[in-house]
Amino acid sequence: MEMIIAKWNYLVVVMLMMIGLFTVMSRQNLVKKLIGLTLFQTAVFLFYISLAKVDGGTAPIIVHNAVNQDVLYSNPLPHVLILTAIVVGVATTALGLALVLRINDAFGSIEEDQILAAKNSDYGRNDDNKGDKA
Amino acid sequence: MLDLAHIPVLVVLFPLLMAAVCALLPFRNIAWLLATASTGMGLLAAWTGLEAHSGERVSYALGGWPPPWGIEFVADGASLLVSTVVAGLSFISTIYAKSLIEKEIDEHLIGKAYAAWLLAVGGIQGIVMTGDAFNLFVFLEISSLATVTLISLGGRQDRRALIAAYNYLVIGAIGATFYVIGVGFCYAVTGTLNMADLMVRLPDATATAPLLVGFSFMVAGILVKAAVFPVHIWLPAAYGYAPSAVSTMLAAVATKASIYVLARIAFTIFDGLDDMVFLILEFVLLPLSVMAIFVGTILAIMESDLKKLLAQSSIAQIGYITLGFSLGNVLGVTAGFVHIVNHALIKGGLFMAAGALTVVMARRVSIDSLAGMGRAMPITSSAMMICGLSLIGLPLTAGFISKVYLVLALVSSASWWIIGLVVMSSALSLIYLWRIVEAMWMQPMPASGRVREDPLIYTPLWVIALINIWFGVDAGRVFRFAEQAAKAVGAGG
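Computed from a prediction, not measured in an experiment: that's the story for all the values here.

1. Overview of the overall build of chain B
Phase 1: A tally of helices and strands in chain B yields 19 helices and 2 strands.
Phase 2: Against the globule reference of 23 Å for 493 residues, chain B gives a C-alpha radius of gyration of 21 Å, in line with a compact fold.
Phase 3: The buried share among the 493 residues of chain B stands at 65%.
Phase 4: Accessible area for chain B stands at about 15800 Å²; split by element, carbon and sulfur atoms hold 70% of it.
Phase 5: In chain B, 25 positive and 26 negative side-chain charges are present, and the distance between their average locations comes to 11 Å.

2. A word on helix α6 (residues 160-190) of chain B
All names here are of chain B.
Phase 1: Compared with the 45 Å implied by 1.5 Å per residue over 31 residues, the 45 Å span of α6 between its first and last C-alpha is a close match.
Phase 2: Among the 31 residues in α6, 25 count as buried, and that is most of the element.
Phase 3: One or two steps after α6, the chain reaches G191, where phi turns positive at roughly 75°.

3. Re the packing of helix α3 (residues 30-52) of chain A against helix α4 (residues 77-107) of chain A
All names here are of chain A.
Phase 1: Where α3 contacts α4, the axes come no closer than 10 Å and their chain directions differ by 180°. With respect to α4, the axis of α3 lies roughly antiparallel.
Phase 2: Here the contact of α3 with α4 is composed, by residue class, of 16 nonpolar, 7 polar and no charged.

4. Examining the interface of chain B and chain A
Phase 1: Between chain B and chain A, the residue contacts involve 41 residues of the former and 44 residues of the latter.
Phase 2: Both sides of the chain B and chain A interface together cover about 3800 Å² of buried area, and 70% of this is carbon and sulfur.
Phase 3: Taken together, chain B and chain A are joined by 0 salt bridges.
Phase 4: Between chain B and chain A we count 6 residue pairs in polar contact (both at pLDDT 80 or more) in total.
Phase 5: Mapped onto the side of chain B that touches chain A, the elements with two or more residues apiece are α5 (133-152) and α6 of chain B.
Phase 6: Considered class by class, the residues forming the side of chain B that touches chain A number 25 nonpolar, 8 polar and 8 charged.

5. Focus: the environment of F270 of chain B
Residue and element names in this part refer to chain B.
Phase 1: Within the secondary structure layout, F270 lies in the loop between α10 (244-269) and α11 (274-302).
Phase 2: Separated by 59 residues in sequence, F270 and L211 have C-alpha atoms that sit 9.2 Å apart.
Phase 3: If near-sequence neighbours (up to four positions away) are discounted, F270 is found in contact with C186, L202, L211, F215, M218, I265, M276 and V277.

6. Some details on unusual backbone geometry
Residues and elements named next belong to chain B.
Phase 1: The omega torsion of the bond from P67 to P68 falls at 5°, within 30 degrees of zero and hence cis.
Phase 2: Within the secondary structure layout, P68 lies in the loop between β1 (58-61) and β2 (72-75).
Phase 3: Along the chain, F229 connects to P230 via a cis peptide bond; the corresponding omega equals 0°.
Phase 4: With respect to the helices and strands, P230 occurs in the loop between α8 (209-226) and α9 (234-241).
Phase 5: Its identity as a non-glycine residue notwithstanding, A227 has a phi of 60°, on the positive side.
Phase 6: You can see A227 is positioned in the loop between α8 and α9.
Phase 7: A residue is classified by how much of its surface remains accessible, and A227, at 0% relative accessible area, is buried.
Phase 8: Phi at L396 takes a positive value of approximately 75°, unusual for a residue other than glycine.
Phase 9: Looking at the element boundaries, L396 is found in the loop between α15 (378-392) and α16 (398-412).
Phase 10: On the basis of relative accessibility, which here comes to 57%, the residue L396 falls in the exposed class.

7. Here we look at the packing of aromatic side chains
Phase 1: Scanning the entire structure with this criterion turns up 17 aromatic pairs over all chains.
Phase 2: For the pair Y48 of chain A and F134 of chain B, a centre-to-centre distance of 6.1 Å together with 65° between the ring planes defines the contact as edge-to-face. Within this pair, whereas Y48 of chain A is found in helix α3, its partner F134 of chain B is found in helix α5, the two belonging to separate chains.
Phase 3: Among the aromatic residues, those joined into a cluster by ring pairs are Y10, F40, F47 and Y48 of chain A together with F134, F137, F178, F185 and F217 of chain B.
Phase 4: For the cation-ring pair, K98 of chain B lies above W32 of chain B, with the distance from its terminal atom to the ring centre recorded as 5.5 Å.
Phase 5: It is K403 of chain B that lies over the ring of Y320 of chain B; its NZ or CZ is 4.9 Å from the centre.

8. Notes on the pattern of salt bridges
For side chains of opposite charge, pairing can occur when their charged atoms come near one another.
Phase 1: For the structure on display, the rule yields 10 salt bridges over all chains.
Phase 2: Residues E112 of chain A and K33 of chain A are paired through a salt bridge, measuring 3.8 Å at the closest nitrogen-oxygen approach. Of the two residues, E112 of chain A is situated in helix α5 (residues 112-120) and K33 of chain A in helix α3; the sequence distance between them amounts to 79 residues.
Phase 3: Look at K33 of chain A and you get buried, because its relative accessible area is 9%.
Phase 4: Taking the shortest distance from any N to any O, the salt bridge between D197 of chain B and R201 of chain B comes out at 3.3 Å. Taken together, the positions of D197 of chain B and R201 of chain B, both in helix α7 (residues 195-201) and 4 residues apart, correspond to about one turn of that helix.

9. Regarding the confidence of the model for chain B
Phase 1: Model confidence for chain B is summarised by a mean pLDDT of 89, while 99% of its residues fall at 70 or above.
Phase 2: In the model of chain B, helix α14 (residues 373-376) of chain B stands out as the element of lowest mean pLDDT, 86, in contrast to α5 of chain B, which has the highest, 94.

10. Some words on the pairing of β2 of chain B
All names here are of chain B.
Phase 1: Taking every second residue as pointing to the same face, both faces of β2 are buried, with E72 and V74 on one and F73 and A75 on the other.
Phase 2: Relative to β2, β1 is paired through 4 bridges, and the arrangement is antiparallel. Residue pairing for β2: V58 is matched across the bridge by A75.

11. A word on the packing of α8 of chain B against α10 of chain B
Residues and elements named next belong to chain B.
Phase 1: One way to put it is that α8 packs onto α10 with a least axis distance of 8 Å and a crossing angle of 160°. Between α8 and α10, the crossing angle belongs to the class labelled roughly antiparallel. Note on packing geometry: the crossing formed by α8 with α10 is left-handed. Residues F215, M218, V219, I222, L223, K225 and A226 of α8 pack against T255, S258, I259, V261, L262, I265, A266 and I269 of α10.
Phase 2: Across the contact of α8 with α10, the residue classes tally to 12 nonpolar, 2 polar and 1 charged.

12. Considerations on the side chain of S244 of chain B
All names here are of chain B.
Phase 1: Among the secondary structure elements, S244 is positioned in helix α10.
Phase 2: Judged by its relative accessible area of 1%, S244 is buried.
Phase 3: Among residues more than four places away in sequence, those in contact with S244 are L100, E104, K307, G355 and T358.

13. Description of the nonpolar core
Soluble, globular proteins show a tendency: their nonpolar side chains are buried together.
Phase 1: In this structure, Y239, I265, F270, F337, L357 and L370 of chain B are the most contacted members of the largest nonpolar core, which totals 222 residues.
Phase 2: In contact with L370 of chain B, not counting residues within four places along its chain, are L306, L357, M361, V365, I436, A439 and M440 of chain B.

14. Description of the confidence of the model for chain A
Phase 1: Residues at a pLDDT of 70 or more form 87% of chain A, whose mean pLDDT is 83.
Phase 2: The low-confidence segment residues 126-134 of chain A, where pLDDT is below 50, has 22 contacts with residues more than four positions distant or belonging to other chains.

Scoring rules and cut-offs
- Residues numbered from 1 in each chain as written.
- Chains lettered and ligands numbered in written order.
- Predicted model: local features only at pLDDT ≥ 70, side-chain atom pairs only at ≥ 80, totals over all residues.
- Heavy atoms only, no water.
- Helix = DSSP H or I, 4+ residues; strand = E, 2+ residues; numbered from the N terminus.
- Rg over C-alpha atoms; globule rule 2.2 N^0.38 Å.
- Buried < 20%, exposed > 50% of the residue type's maximum accessible area, 1.4 Å probe, protein only.
- Areas by Shrake-Rupley, 256 points an atom, 1.4 Å probe, with all protein chains shown as cover.
- Lys, Arg positive; Asp, Glu negative; His and termini not counted.
- Charge placed at Lys NZ, Arg CZ, Asp CG, Glu CD.
- Expected span 1.5 Å × (residues − 1).
- Axes fitted to C-alpha atoms, helices over the stretch in contact; angles between N-to-C directions.
- Parallel < 35°, antiparallel > 145°, perpendicular 65-115°, else oblique.
- Nonpolar A, V, L, I, M, F, W, Y, C, P; charged D, E, K, R; others polar.
- Contact = heavy atoms within 4.5 Å.
- Buried area = accessible area lost by both parts, 1.4 Å probe.
- Salt bridge = Lys/Arg side-chain N within 4 Å of Asp/Glu carboxyl O.
- Polar contact = N/O pair within 3.5 Å; in protein donor to acceptor, adjacent residues only side chain to side chain.
- Phe/Tyr/Trp six-rings, centres within 6.5 Å; stacked < 30°, edge-to-face > 60°.
- Lys NZ or Arg CZ within 6 Å of the ring centre and 35° of its normal.
- pLDDT = per-residue confidence, 0-100.
- Pairing = 2+ DSSP bridges.
- Left-handed = near helix turned anticlockwise from the far one by under 90°.
- Core = buried A, V, L, I, M, F, W, Y, C linked by side-chain atoms within 4.5 Å.

Here it is in structure tokens:
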């Protein structure tokens with residue numbers, strides 16, 4: 001129990017991660033899938049950020065009037081990494097949403113089962129026997 | 001002429017910088033010229049580096065920040081070999097792409113299509129060259145977002161391309177995120193992200209449980225990107241519905257970089273933790289590779305659409321590469337690298353031919369609709385046959401050399417039953433190739449008669465077909481480079 005309280009941040013990360021992954025896999029709606037994906041990625045961001053926290057550490061900005069004192073800083077590197085990862089995540093979400101728009105134009109739906117039904121009707125129409133041009 | 005010290009960064013920079021220029025250009029011919037020039041310069045740089053490589057590791061500190069603090073680009077036997085393959089195949093496919101992209105993509109999008117094309121190539125080169133575990137994730141996403149855009153351009157011909165692109169985006173993002181989780185665990189234990197530094201520090205780590213979790217996450221994420229069975233599901237649709245030029249480039253180079261990363265993770269980063277690596281290689285990668293070979297081959301036999309058939313067969317071929325890697329010794333990894341080179345040539349050639357046929361028929365090509373096309377398009381079709389024979393591994397072709405080294409590696413590790421399975425799967429792949437041969441050459445010529453073939457399409461195709469024969473006859477050269485690569489990633493430790 002004590003361990004759970006001491007590591008509660010990781011517990012939250014794992015729960016968010018699983019909720020995100022489950023949403024991606026279980027939802028039929030393409031936008032909801034993207035929401036799940038974003039949640040999943042954000043959980044990983046939180047994982048990195050909570051790694052960076054040093055007990056009792058302050059923000060990693062050099063304290064001017066304390067040059068010779070021992071100041072405990074948090075680790076800034078994971079923050080920088082996650083800044084990059086957030087940019088990547090935004091790009092992924094934006095591209096995903098743009099694709100959903102195009103899918104909605106082409107199939108008239110963003111529900112996976114309806115798209116699948118429409119997609120199956122494509123077989124035989126585009127593939128074979130469309131007049132023997134060959 | 002080229003300063004060798006700058007090669008690691010040049011192969012990445014040429015395509016990446018030109019991508020920005022292409023995106024702004026309204027003239028499609030100039031965009032194509034720039035794309036050709038920049039991939040050509042990339043090939044020149046990578047090839048110069050590979051030829052001049054003396055077994056010494058060339059490190060490039062980006063921004064002058066020395067590793068392990070800054071991001072490091074590394075040119076060694078392995079990264080230079082894969083980089084040359086990527087640069088070479090992307091150069092040839094860029095030349096080939098011109099007339100196909102003009103036919104398959106809307107005119108106002110052509111400049112942007114080349115921009116995405118170069119971003120994909122630059123991203124893949126970055127994956128190969130980087131020596132930083134987190135930087136690798138960034139390049140992974142650059143290439144995969146560009147790839148998604150390129151696949152979705154196939155939506156004009158067939159709306160199913162949009163679904164394929166969406167699925168690749170979601171599955172690919174999950175794979176990349178898995179990789180990042182793994183990197184996070186390694187960072188938590190060691191406090192470093194530099195691959196060479198990780199290799200030194202990981203064995204000293206006292207906590208092994210997080211390392212096993214981290215290693216598993218990294219491998220699982222990369223398996224998704226490399227399309228290893230059973231996480232290959234995005235690949236057949238993505239390659240099948242993408243514009244023909246795009247399928248060619250992707251099939252030739254995209255998964256190769258991820259497979260190379262797999263070798264880097266297992267043999268470079270986790271070099272000092274042999275037990276853990278052995279566990280994953282022997283009990284996860286090896287069975288998955290064997291299953292990939294069979295599932296891919298059987299799905300290809302049952303497939304009726306030509307491009308999807310080739311994509312299914314890619315899954316089997318990726319299985320051969322990872323099978324070599326899963327042996328873990330120098331011979332096995334060498335066989336893997338040999339097949340990375342040869343499969344890039346084989347599938348590049350086959351997809352080029354499929355693209356040429358698609359453009360002529362102006363619709364999706366099924367096996368049935370290929371009837372008599374061998375007689376109608378003899379130049380394209382005969383080059384396609386050479387690549388096809390190379391795929392099943394007939395002697396005097398590159399594919400045969402791959403199989404020989406793979407079997408030699410399997411003999412050395414005394415895996416007799418796997419040799420049996422490899423031989424059996426080669427025989428099975430004869431079935432799907434035979435269906436193509438039968439349709440193309442043994443049926444009467446279609447009523448439309450002979451088709452005028454486009455030299456800009458069949459010349460790159462023939463170049464690739466001839467290289468297939470060249471590497472089948474003169475195998476020593478590829479083998480030497482592959483062995484150097486296997487030693488550079490640190491196999492056999």
